[in-house]
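For reference, the chains in residue letters:
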Amino acid sequence: MENTGTLFGWAFGDPAREDDAAYMASLEKEALENATATAKAKGVTVVAGSEVFTALSANDSLVELDHAPGKLVVRCTVHVEGPGAAKLHAEGPMNG
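Rules behind the numbers
Every chain is numbered independently, its residues counted from 1 as its sequence is written. For this predicted model, a pLDDT threshold of at least 70 governs which residues receive local features, and a threshold of 80 or more governs which side-chain atom pairs are given and counted, while totals over whole chains, interfaces and linings are taken from all residues. Note that water and hydrogens are dropped before the side-chain values are worked out from all heavy atoms of the structure. Working definition of a nonpolar core: buried Ala, Val, Leu, Ile, Met, Phe, Trp, Tyr and Cys residues. They are joined through side-chain atoms within 4.5 Å. Exposure categories follow from relative accessible area, calculated using a 1.4 Å probe and restricted to protein chains: below 20% of the type maximum is buried, above 50% is exposed, and the middle band is partly exposed. The way it works is that DSSP assigns letters per residue, a run of H or I at least four long becomes a helix, a run of E at least two long becomes a strand, and they are numbered from the N terminus. How far a helix is expected to stretch is found by multiplying one less than its residue total by 1.5 Å. Here the arc refers to the directions that run from the helix axis out to each C-beta atom. Residue contacts are defined here by distance: any two heavy atoms, one from each residue, within 4.5 Å place the two residues in contact. Whenever Lys or Arg places a side-chain nitrogen within 4 Å of a carboxyl oxygen from Asp or Glu, that contact is recorded as a salt bridge.

A. Fine view of the nonpolar core. Counting 16 residues, the largest nonpolar core has Leu7, Met24, Leu27, Val44, Val74, Val78 and Val80 as the members making the most contacts within it. Mapped by element, the contributors of at least two residues to this core are strand E1 (4-13), helix H1 (21-41) and strand E4 (72-81). With six residues, the top contributor of residues to this core is H1.

B. Representation of H1 within the structure. Compared with an ideal rise of 1.5 Å per residue, which puts 21 residues at 30 Å, H1 spans 30 Å between its outermost C-alpha atoms and is within 8% of the ideal. What H1 keeps buried is the set Tyr23, Met24, Leu27, Ala31, Ala35 and Ala39. Buried residues in H1, looked at end-on, bunch into an arc of 160°, giving them a common side. Residues of H1 that are exposed and point over 90 degrees away from its buried face: Ala22, Lys29 and Lys40. Buried positions along H1 lie against E1, strand E2 (45-46), strand E3 (52-57) and E4.

C. Layout of the pattern of salt bridges. A complete count under the given rule lists two salt bridges for this structure. Between Arg17 and Asp20 there is a salt bridge; the shortest N-O distance is 3.4 Å. Since its relative accessible area comes to 31%, Asp20 is described here as partly exposed. With a shortest N-O distance of 3.0 Å, Lys29 and Glu33 are connected by a salt bridge. Within this pair, Lys29 and its partner Glu33 are both found in helix H1, separated by four residues, close to a single helical turn.

This is a description of form; function is not addressed.
This is how it looks when you write it as structure tokens:
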């Protein structure tokens, strides 16, 4: 994978439902769809099976989530490939 990079996708939810596996799976799906849409907008494609999910909740995180809708954030990090993909790096909260 010579010309690959990384991107984030995001989904926001209700921290009171963090223990609901089906709800969390739906947020993961939404975050992957967001990452896929971002990749498409940048002219690259998501490498199938490369997704990694991280859930951050205002209830159990030192991360500042005051501006996150619902204060539960599911982040999906994916590898992308295609022209210019090597210049894309998911770092901190941003795709750059």
